[in-house]
Amino acid sequence: MRKADWSPDQYLKFEDERTRPANDLLSAVPNQDVQFAVDLGCGPGNSTELLVKRYPHAEVHGIDSSADMTAKAKERLPDCEFAVADIDVWQPQRNADLLYANAVMQWLPDHDRLFPRLTGFLSAGGSLAIQMPDNLQEATHVAMREVAADARWAARVTQADATRGEIGTASFYYQLLRPHCQRVDIWRTTYHHTLQGLDGIIEWFKGSALRPYLSLLNSDERADFLDKYRRRLAQSYKPMDDGIVLLPFPRMFIVATR
């Protein structure tokens, strides 16, 4: 994740759609009296703002591996503290009542080590709340890998496949977290986002999953990559009469309370 050039503006083109799962995750957190919360992988601050609104008296921090993202978040929420940091080595100044990670953990490996480590930073009764896209086998991502295998750039961009691995099953995460937490709530939801044709799908993923690939190409190659990608998408996604494409987007949610 931290190798790509992340664009807050591109990401926020679909702010409402991207914020909905973040809100759904937060609504399942049982903690009512949160004094200290940290948004792990805060991005441009749209998810952090949800924490501020739900817990107006809490001290809310955010971290992200992208300096551009934390700068955008600071503009949005000047009263919050933001820092550039990598989640897999970060630790808080003190135990937190809520560690909140929306759409970031899918970029990080070694969940069997990382997730229990994070629960160790929770106060008694505190929660680790995680939402992860679970869409690597969706046609959108299969097409990315197929286009990345093109001989013109395969030697360079297939390395981007390794920036994100398959996430575990619900039973894997339950068994991983239950020894450390009194309550583990896990569910999976498929959202259907209404996008403007195939170009809408491309614009969506230019703010996330396409970036590790595109960041390794020059401008002409990026145009060719996206053209091939669009043609692959056309095999699986057909615009409806009004031009809308419904993009199925499965996501896994975990709320583990210590």
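As shown above, the structure is provided for reference.
Residues numbered from 1 in each chain as written. Predicted model: local features only at pLDDT ≥ 70, side-chain atom pairs only at ≥ 80, totals over all residues. Heavy atoms only, no water.

Colleague: Just to check I follow, could you spell out the overall build of the protein chain for this structure?
Modeller: Along the backbone of the protein chain there are eleven helices and seven strands. A compact globule built from 258 residues should have a C-alpha radius of gyration of about 18 Å, and the protein chain, at 18 Å, falls within 12% of that. Sorting the 258 residues of the protein chain into buried and exposed places 54% on the buried side. In the protein chain, of all internal contacts separated by at least 6 residues, the share reaching a separation of at least 24 is 78%. For the protein chain, the accessible area works out to roughly 11,600 Å², and carbon and sulfur atoms hold 47% of it. The centroid of the 30 positive side-chain charges in the protein chain is displaced by 3 Å from the centroid of its 35 negative side-chain charges. (Helix = DSSP H or I, 4+ residues; strand = E, 2+ residues; numbered from the N terminus. Rg over C-alpha atoms; globule rule 2.2 N^0.38 Å. Buried < 20%, exposed > 50% of the residue type's maximum accessible area, 1.4 Å probe, protein only. Contact = heavy atoms within 4.5 Å. Areas by Shrake-Rupley, 256 points an atom, 1.4 Å probe, with all protein chains shown as cover. Lys, Arg positive; Asp, Glu negative; His and termini not counted. Charge placed at Lys NZ, Arg CZ, Asp CG, Glu CD.)

Colleague: Where do I start with the packing of helix α6 (residues 139-148) against helix α11 (residues 219-233) in this structure?
Modeller: When two helices pack together, you describe them by how their axes are tilted relative to each other and by the distance separating the axes. Look at α6 against α11: their axes get within 9 Å of each other, and the N-to-C directions meet at 135°. Looking at the two axes, α6 sits oblique to α11. Between α6 and α11 the crossing geometry is right-handed. Every residue of α11 that contacts α6 at Thr140, Ala143, Met144, Glu146, Val147 and Ala148 is listed here: Phe225, Lys228, Tyr229, Arg232 and Leu233. In terms of residue class, the contact of α6 with α11 is made up of seven nonpolar, one polar and three charged. (Axes fitted to C-alpha atoms, helices over the stretch in contact; angles between N-to-C directions. Parallel < 35°, antiparallel > 145°, perpendicular 65-115°, else oblique. Left-handed = near helix turned anticlockwise from the far one by under 90°. Nonpolar A, V, L, I, M, F, W, Y, C, P; charged D, E, K, R; others polar.)

Colleague: Sorry, what's going on with the environment of Cys80 here?
Modeller: One can find Cys80 in the loop between α4 (67-76) and β3 (81-84). In the structure, Cys80 is positioned 35 residues away from Gly45 in sequence and 9.8 Å away in space, judged by C-alpha atoms. Those residues within four positions of Cys80 in sequence are excluded, and the remaining contacts are Val52, Val60 and Lys74.

Colleague: Would you explain the pattern of salt bridges in this entry?
Modeller: Two side chains carrying opposite charge are able to pair once their charged atoms lie near each other. Summed over the entire model, instances satisfying the criterion amount to twelve salt bridges. Between Asp185 and Arg183 there is a salt bridge, with the nearest N and O atoms lying 3.8 Å from each other. Among the charged side chains, a salt-bridge network with shared partners connects Asp150, Arg152, Asp224 and Lys228. (Salt bridge = Lys/Arg side-chain N within 4 Å of Asp/Glu carboxyl O.)

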